[in-house]
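So you can see what is in the structure, the chains are spelled out below.
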Amino acid sequence: MGKSHRNLLKVQKYAQKYYQVNGHGFTAPDLAQYMDTWCDMSEKTVRRCLEEMVDEGFIDKTEVSQTGFYVPDEALLPNPEESDMYSSDDLFW
């Protein structure tokens, strides 16, 4: 698995976690700051992954005051307890 694919999977995982914990969408800087606790990924990489997820239909993006606001479609994001994408170390909620 390539690095960009791993980055995309990490952003998917943390986007879902952020949404489930906070109950609302997020901006790219919000998610990048949130992810900083668990992994080293630049905001630029998070933003690129989010845009790819928007293109694939996993996340909706709206503009709020000229800022991209992202809301995951929970039905399309993986559930950690049911997905083989996650290891037991990733079950953090």
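Residues numbered from 1 in each chain as written. Predicted model: local features only at pLDDT ≥ 70, side-chain atom pairs only at ≥ 80, totals over all residues. Heavy atoms only, no water.

## Considerations on unusual backbone geometry
Peptide bonds are trans in most cases, and residues, glycine excluded, mostly fall at negative phi.
1) Next: A positive phi angle is found at Gln66, which is not glycine, with a value near 60°.
2) Next: Residue placement: Gln66 occurs in the loop between strand S1 (59–64) and strand S2 (67–72).
3) Next: Residue classification places Gln66 among the exposed positions, given a relative accessible area of 80%. (Helix = DSSP H or I, 4+ residues; strand = E, 2+ residues; numbered from the N terminus. Buried < 20%, exposed > 50% of the residue type's maximum accessible area, 1.4 Å probe, protein only.)

## Side note on the packing of aromatic side chains
1) Next: Scanning the model with the defined rule gives five aromatic pairs in all.
2) Next: Here Tyr14 and Trp38 contribute two aromatic rings whose centre-to-centre distance is 5.6 Å and whose plane-to-plane angle is 25°, an arrangement assigned as stacked. Of this pair, Tyr14 sits in helix H1 (residues 3–22) while Trp38 sits in the loop between helix H2 (28–35) and helix H3 (43–56), and the two are 24 residues apart along the sequence.
3) Next: The exposure class of Tyr14 is buried, given its relative accessible area of 5%.
4) Next: Ring geometry for Phe26 against Tyr70: centres 6.3 Å apart, planes inclined by 25°, an arrangement best described as stacked. (Phe/Tyr/Trp six-rings, centres within 6.5 Å; stacked < 30°, edge-to-face > 60°.)

## Here's the deal with the pattern of salt bridges
1) Next: Within the structure shown, the criterion is met by four salt bridges.
2) Next: When the shortest N-O distance is used, the salt bridge between Glu43 and Arg47 registers 2.6 Å. Of the two residues, Glu43 and Arg47 are both situated in helix H3; the distance of four residues between them amounts to about one turn of the helix.
3) Next: Classification of Arg47 as partly exposed rests on a relative accessible area of 35%.
4) Next: Each of Glu51, Lys61 and Glu63 takes part in one network of salt bridges that share partners. (Salt bridge = Lys/Arg side-chain N within 4 Å of Asp/Glu carboxyl O.)

## Notes on the pairing of S2
1) Next: Burial of S2 is one-sided: the residues Gly68, Tyr70 and Pro72 facing one way are buried, the residues Thr67, Phe69 and Val71 facing the other way are not.
2) Next: Pairing analysis gives six bridges linking S1 to S2, with the strands arranged antiparallel. Each residue of the ladder has a partner; that of Lys61, found in S2, is Tyr70.
3) Next: In textbook terms, the turn of a hairpin is the stretch between consecutive antiparallel strands, and for S1 and S2 this stretch comprises two residues, one of which, Ser65, has a positive phi near 50°. (Pairing = 2+ DSSP bridges.)

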